[in-house]
Amino acid sequence: MADQETLTFPPSLAAPFTPYLPPPSSSLSPYASSYLLPFVTLTFATSLDSSLSLSPGVRTTLSGPLSKSMTHHLRAHHASILIGAGTAIADDPGLNCRIASSVSPRPIVLDPRARWAVTAESKVIRLAGAGQGLAPFILVSQDVKVPAEREEVLRGVGGRYIRLATADNKFAWRDVLRVIRANGLGSVMVEGGGDVINSLLRAPDNELVRSVIVTIAPTWLGKGGVVVSPERTTDADGQPAPPIRLTNIKWIPLGEDVVVCGEILRP
Ligand SMILES: NC(=O)C1=CN([C@@H]2O[C@H](COP(=O)(O)OP(=O)(O)OC[C@H]3O[C@@H](n4cnc5c(N)ncnc54)[C@H](O)[C@@H]3O)[C@@H](O)[C@H]2O)C=CC1
Ligand SMILES: Nc1nc(O)c(N)c(N[C@@H]2O[C@H](COP(=O)(O)O)[C@@H](O)[C@H]2O)n1
């Protein structure tokens with residue numbers, strides 16, 4: 001694997017993000033084990049019209065150089081990083097941390113139907129083979145058949161398939177987080193894509209999110225993009241769930257982008 005560009009994120013820029021990061025070594029701390037769920041950070045880059053990409057199959061660069069380094073700073077501070085199968089298929093992502101002397105997070109891919117045809121050529125596998133990242137844990141439905149060659153590719157670099165119950169082809173978020181925690185991972189940054197983020201933001205699952213860090217790029221991607229806009233739900237009495245709002249906010253300009261950090265306001 002060719003050497004990847006090394007990134008830096010200066011401590012002076014990193015300091016304002018610290019309150020929104022999981023506690024250091026949370027995978028080992030009493031805090032994490034007492035809750036049995038990892039610290040969840042929801043983080044992604046969006047356009048001004050709330051799009052993550054031009055269309056579902058298209059990798060779209062939104063973050064400028066500084067906010068990209070910030071994302072790698074977040075990767076350095078999380079034990080795992082989670083994406084959906086749509087993103088794995090569209091982006092062929094690396095999901096490692098490119099800041100020197102940092103530990104990369106464990107990639108977790110939600111792929112109930114085993115749609116992602118992971119091969120030895122997949123970027124994340126090549127990086128893991130070269131010792132520049134970790135191999136993914138791919139969560140699949142209990143009833144899905146996974147081709148043996150994919151299992152071998154994963155196992156060869158330290159990854160594996162993990163089977164989990166589904167309802168309507170979805171995992172329950174609590175189950176996903178329990179599996180992550182049970183594998184000794186005390187924190188997870190959920191990066192996307194649209195389907196994953198909208199499902200996590202849907203009430204009541206958004207209660208599982210501890211921190212939100214969103215990069216806003218000064219561009220409109222236009223109609224047809226993958227949009228973050230969670231479904232509105234109703235409570236047991238048929239009353240609409242209130243709009244999701246952030247509290248403990250910080251707006252941090254990074255180059256041409258602005259990053260909003262916060263926590264979800266509990267009603
Ligand atoms: N700008 C950014 O920060 C990011 C952009 N993206 C972009 O997003 C696009 C992909 O987004 P989508 O098509 O919405 O795909 P996605 O990455 O959200 O994956 C969707 C798939 O994930 C699985 N999934 C989602 N929620 C699940 C749940 N609760 N339980 C079980 N499985 C679940 C399902 O198989 C579903 O088909 C790509 O174009 C990618 O480039 C992705 C991540 C970050
Ligand atoms: N922070 C951020 N900014 C963007 O502009 C993006 N397109 C993304 N995408 C996410 O990052 C993954 C790519 O990771 P690698 O650089 O290959 O390690 C991609 O799959 C999305 O999850 N993020």
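Conventions adopted
Residues numbered from 1 in each chain as written. Chains lettered and ligands numbered in written order. Predicted model: local features only at pLDDT ≥ 70, side-chain atom pairs only at ≥ 80, totals over all residues. Heavy atoms only, no water. Core = buried A, V, L, I, M, F, W, Y, C linked by side-chain atoms within 4.5 Å. Buried < 20%, exposed > 50% of the residue type's maximum accessible area, 1.4 Å probe, protein only. Near = heavy atom within 4 Å. Polar contact = N/O pair within 3.5 Å; in protein donor to acceptor, adjacent residues only side chain to side chain. Areas by Shrake-Rupley, 256 points an atom, 1.4 Å probe, with all protein chains shown as cover. Helix = DSSP H or I, 4+ residues; strand = E, 2+ residues; numbered from the N terminus.

Draft legend 1. Structural view of the nonpolar core. Counting 34 residues, the largest nonpolar core has Leu42, Leu82, Leu110, Leu139, Trp173, Val176 and Ile180 as the members making the most contacts within it. Counting 32 residues, the second-largest nonpolar core is a separate cluster that includes Leu21, Leu95, Val118 and Leu154.

Draft legend 2. Structural detail: the site of ligand 2. In the vicinity of ligand 2 there are 17 residues, among which Leu62, Ser63, Arg75, Gly94 and Glu191 approach most closely. Here an oxygen atom of ligand 2 sits 2.9 Å away from a polar atom, N or O, in the side chain of Asp91. About the coverage of ligand 2: the protein hides 86% of its 520 Å² of free accessible area. Only helix H3 (65-76) and helix H4 (85-91) provide two or more residues apiece to the shell around ligand 2.

Draft legend 3. Just unusual backbone geometry, in detail. Geometrically, the link from Gly192 to Gly193 is a cis peptide bond, its omega value of 0° lying close to zero. Note the cis peptide between Ala203 and Pro204, where omega equals 0°. Assignment of secondary structure puts Pro204 in the loop between helix H8 (194-201) and strand S8 (211-216). Residues other than glycine seldom take positive phi values, yet Asp168 does so here, at roughly 50°. In this fold, Asp168 is placed in the loop between strand S6 (160-164) and helix H7 (173-182).

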